[in-house]
Amino acid sequence: MSETADLKPIKLYSSFCPVCGTTIDMYLHTYRTPLGEFLAILTAKCEKCGFKSSSVLTIEAGTTYNCIKLNVEHSEDLNTLIYLGEDVVITIPTMDIHISSSQLSIGSIVTAEALLLYIIESLKDLCTASLDNYKCKILLELEKQINLGKIEEKIEIILKSSEGVSVLKSYRGGNFELCQ
Ligand SMILES: [Zn+2]
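Residues numbered from 1 in each chain as written. Predicted model: local features only at pLDDT ≥ 70, side-chain atom pairs only at ≥ 80, totals over all residues.

## Section: the confidence of the model for the protein
Reasoning step 1: Residues with a pLDDT of 70 or more make up 90% of the protein, whose mean pLDDT is 85.
Reasoning step 2: Across the protein, strand β8 (residues 89-92) holds the top mean pLDDT of 96, while strand β1 (residues 5-6) sits lowest at 58. (pLDDT = per-residue confidence, 0-100. Helix = DSSP H or I, 4+ residues; strand = E, 2+ residues; numbered from the N terminus.)

Next comes the structure, spelled out in structure tokens:
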């Protein structure tokens, strides 16, 4: 893999060791091939018992879509791993949020949790002037729920890009669907 560009591993979320039950961190290692394709490897290692696991997630042409609707309803949905192509238009209809991924400084592979927190962070700047703004209250409430890992109301996130978007890993059936 000498020709691939190594990107920094990203700490994704915590999980439990299937062998001893200790809390372990999941890391994502991404590589960009000379052709511009991504190779992602999800790894976990237990410091206590030595358990190791890794799964390879590749993003190939033909496995991405132009429109995906994510349903974030349960805490495990926050761990959904998403691939974002260039200039993804992100819409959260119930919160009247429309934002382009190019306005957020996020990488191409993110969890639903990170995506929501980046959106909240980028919009919060607008809130300082009018703290009692309705949308700001919802954003702050949502941020609190995400940090506690408890989603009280289903959030639909629509991701649209002509360059393609994809769900690399999902932890619940029905967590996402294709759209137009
Ligand atoms: Zn273990």
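## Observations concerning the domain arrangement of the protein
Reasoning step 1: According to the domain assignment, the protein contains domain 1 (5-59) and domain 2 (65-178).
Reasoning step 2: The gap between the C-alpha centroids of domain 1 and domain 2 is 22 Å.
Reasoning step 3: Of all elements in the fold, only β2 (10-16), β3 (23-32), β4 (38-45) and β5 (52-59) reach the threshold of two or more residues within the side of domain 1 that touches domain 2.
Reasoning step 4: Sorting elements by how many residues they give to the side of domain 1 that touches domain 2 places β4 first, with three residues. (Domains from an automatic or database assignment.)

## Overview of the nonpolar core
Reasoning step 1: In terms of nonpolar packing, the biggest core is built from 31 residues, with Ile82 and Ile109 touching the most fellow members.
Reasoning step 2: Looking at this core, the elements that each hand over two or more residues are β4, β6 (65-72), β7 (81-84), β10 (109-111), α1 (112-124), α2 (134-148) and β11 (155-169).
Reasoning step 3: Ranked by residue count, the leading element in this core is β11, at six residues.
Reasoning step 4: Taken domain by domain, this core gets at least three of its residues from each of domain 1 (5-59) and domain 2 (65-178).
Reasoning step 5: Contacts of Ile82, omitting those with residues within four sequence positions, involve Val110, Ala112, Leu115, Val165, Val167 and Leu168. (Core = buried A, V, L, I, M, F, W, Y, C linked by C-beta atoms within 7 Å. Buried ≥ 20, exposed ≤ 12 C-beta atoms within 10 Å, placed from the backbone. Contact = placed C-beta atoms within 7 Å.)

## Observations concerning the pairing of β2
Reasoning step 1: Two strands pair when backbone bridges link them, and β2 and β3 are joined in this way by six bridges, in the antiparallel orientation. Looking across to β3, one finds that Ser14 is bridged to Asp25.
Reasoning step 2: Counted along the chain from β2 to the antiparallel partner β3, the turn is six residues long, and its residue Gly21 has a positive phi close to 85°. (Pairing = 2+ DSSP bridges.)

## Things to note about α1
Turn by turn, an α-helix covers 3.6 residues, leaving residues three or four places apart pointing in a common direction.
Reasoning step 1: If you check α1, its first and last C-alpha atoms are 18 Å apart, about what 13 residues at 1.5 Å a residue would give, namely 18 Å.
Reasoning step 2: Considered for burial, the residues of α1 that qualify are Ala112, Ala114, Leu115, Leu116 and Ile119.
Reasoning step 3: Buried residues along α1 sit against β6, β7, β8, β9 (97-100), β10 and α2. (Expected span 1.5 Å × (residues − 1).)

## Structural notes on the environment of Leu70
Reasoning step 1: Here Leu70 shows up in strand β6.
Reasoning step 2: Along the backbone, Leu70 and Glu113 are 43 residues apart, and their C-alpha atoms lie at a distance of 12 Å.

## A short note on the packing of α1 against α2
Packed helix pairs are characterised by how far apart their axes lie and by the angle those axes make with each other.
Reasoning step 1: Two elements in contact, α1 and α2, have axes separated by 10 Å at closest approach and are oriented at 150°. By the angle between their axes, α1 is roughly antiparallel relative to α2. Seen along the crossing, α1 lies across α2 with a hand that is left-handed. Between α1 and α2, the contacting residues are Glu113, Leu116, Leu117, Ile120, Leu123 and Lys124 on the first element and Leu139, Leu142, Glu143 and Ile146 on the second.
Reasoning step 2: The residue inventory of the contact of α1 with α2, partitioned by class, reads seven nonpolar, no polar and three charged. (Axes fitted to C-alpha atoms, helices over the stretch in contact; angles between N-to-C directions. Parallel < 35°, antiparallel > 145°, perpendicular 65-115°, else oblique. Left-handed = near helix turned anticlockwise from the far one by under 90°. Nonpolar A, V, L, I, M, F, W, Y, C, P; charged D, E, K, R; others polar.)

## Details of the pairing of β6
Reasoning step 1: The sheet contact formed by β6 and β11 spans seven bridges and is antiparallel. Looking at β11, one finds that Ile68 is bridged to Leu159.
Reasoning step 2: Where β6 meets strand β12 (residues 176-178), three bridges bridge the pair, whose relative direction is antiparallel. When the bridges of β12 are listed, Ile68 appears paired with Leu178.

## A look at the environment of Ile97
Reasoning step 1: Take Ile97: it is sitting in strand β9.
Reasoning step 2: The partly exposed category is assigned to Ile97, around which 19 C-beta atoms lie within 10 Å.
Reasoning step 3: Residues Ile97 and Leu142, spaced 45 residues apart in sequence, show a C-alpha to C-alpha distance of 13 Å.
Reasoning step 4: When neighbours within four sequence positions are excluded, Ile97 is seen to be in contact with Thr91, Ile92 and Ile119.

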